[in-house]
Amino acid sequence: IEYITTDVETKSRFILSEDVVQSMLSAQEGDRNYNDFYRRGKEELTRLILEQGYIESLSVYSFSGNGFTVGDSPSYLNDSSMWMEQEWYQEMLDKRGGYIWKYCDIDGINGKERRLILGRVINKTDTMEGLGFMIFVLDNHYIEKLVSDLSSPTIGSFYIINNKNELLFSPGEEKNLLHFSM
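So, here is what we can say about the structure in this document. (Residues numbered from 1 in each chain as written. Predicted model: local features only at pLDDT ≥ 70, side-chain atom pairs only at ≥ 80, totals over all residues. Heavy atoms only, no water.)

Describing the pattern of salt bridges
Stated precisely, the cut-off is as follows: Between Lys or Arg on one side and Asp or Glu on the other, a salt bridge is scored when a side-chain nitrogen of the former is within 4 Å of a carboxyl oxygen of the latter. Per the convention used, a helix needs a DSSP run of H or I reaching at least four residues, while a strand needs a run of E reaching at least two, with both numbered from the N terminus. Three exposure classes are used, based on accessible area relative to the maximum for each residue type with a 1.4 Å probe and protein chains only: buried under 20%, partly exposed in between, and exposed over 50%.
Evaluation of the coordinates by the stated rule reveals seven salt bridges. Here Glu43 makes a salt bridge to Arg39, at a shortest N to O gap of 3.2 Å. One end of the pair, Glu43, and the other, Arg39, are both in helix H3 (residues 34–50), four residues apart, so they sit about a helical turn from each other. According to the relative accessible area criterion, Glu43 is partly exposed, its value standing at 36%.

What follows is the structure, encoded as structure tokens:
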């Protein structure tokens, strides 16, 4: 799991300084080069996550709403305003380029499993002024399979809990547990 979170954090640092992302977020729809920046940005970020089974989707949007989501994303993730309405969105903005990890419901979407996400503001590389944001959504099924595959009767069971001792991922039927005492 540490490898996965470190890799996602590293990918987010790459995106922060990627020229095509900076250009796309700085351009306005209707600008002469906007469509080219948009296409190149989408291609570059698709390549970045393509081989990573643990990344469900990656969303990159300007604060004006221009951008995209790549990966195996349901259509509800293709709207920047949906992300801007999340309860943790302001916390992400307050980090001013630092990242946040959240295990959360996606507000406004009923019946969907909680997701592990990394959110981060993308700043201009020269002025550090905010241009937009990125959201990585991790694949629950990949992480659940990893935890399940690590667990065995001879070794024991593996669980992923957060800093509040709440169960995030577990092997098999233990999903009904909500809280560990430590």
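Continuing now.
Remarks on the packing of aromatic side chains
Inclusion rule: Aromatic rings from Phe, Tyr and Trp, with only the six-membered ring used for Trp, were paired whenever their centres fell within 6.5 Å, and each pair was classed as stacked if the ring planes differed by under 30 degrees, edge-to-face if by over 60, and tilted otherwise.
Considering all chains together, one arrives at eight aromatic pairs under this definition. When the centroid spacing of 5.4 Å and the interplanar angle of 90 degrees are considered together, the rings of Tyr38 and Phe68 count as edge-to-face. In this pair, Tyr38 is assigned in helix H3 and Phe68 in strand E2 (residues 67–71), connecting sequence segments 30 residues apart. Overall, Phe68 belongs to the buried group, its relative accessible area being 2%. Pairing Tyr89 with Phe133 gives two aromatic rings, centres 5.5 Å apart and planes at 85 degrees, and the pair type is edge-to-face. Of the two residues, Tyr89 sits in helix H5 (residues 89–94) while Phe133 sits in strand E5 (residues 130–138), which places them 44 residues apart along the sequence. Given a relative accessible area of 0%, Phe133 falls into the buried group. Among the aromatic residues, those joined into a ring-pair cluster are Tyr61, Phe63, Tyr89 and Phe133.

Thoughts on the side chain of Glu9
What counts, and what does not: Counting rule for charge: Lys and Arg are taken as positive, Asp and Glu as negative, and neither His nor the chain ends is counted. Whether two residues are in contact is decided by their heavy atoms, any of which lying within 4.5 Å being enough.
Relative to the helices and strands, Glu9 is located in helix H1 (residues 2–17). For the buried Glu9, no salt bridge is present, and the opposite-charge side chain at shortest range is Arg13, 4.9 Å distant. For Glu9, the residues in contact, after removing those within four places along its chain, are Tyr99, Trp101, Leu118 and Arg120.

Observations regarding the environment of Phe63
Position of Phe63 among the secondary structure elements: in the loop between strand E1 (55–62) and E2. Given the relative accessible area of 31%, Phe63 is considered partly exposed. For the pair Phe63 and Ser81, spaced 18 residues apart in sequence, the C-alpha separation works out to 9.3 Å. The residues contacting Phe63, other than those within four sequence positions of it, are Met84, Tyr89, Leu93, Val121, Gly130, Leu131, Gly132 and Phe133.

A word on the sheet that holds strand E3 (residues 99–104)
Put simply, the test is: In this description, strands pair whenever DSSP reports at least two bridges between them. Axes here refer to lines fitted to C-alpha atoms; in helices the fit is confined to the stretch in contact. Angles between the N-to-C directions go from 0 to 180 degrees.
Spatially, the five strands line up as an open sheet ordered E2-E1-E5-E4-E3, and their pairing is antiparallel. Unpaired on one side and paired on the other, E2 and E3 mark the two borders of the sheet. Ignoring which end each strand starts from, the neighbouring axes of this sheet average 15 degrees apart. Sheet topology places E1 next to E5; seven bridges connect them, and they run antiparallel. Pairing of Ser59 across the sheet is with Ile135, part of E5. Packing against the sheet, H1 makes contact with E1, E3, strand E4 (115–123) and E5, and its axis sits at approximately 25 degrees to E4. In this fold H3 packs onto E1, E2 and E5, with an angle of close to 25 degrees to the strand it touches most, E2.

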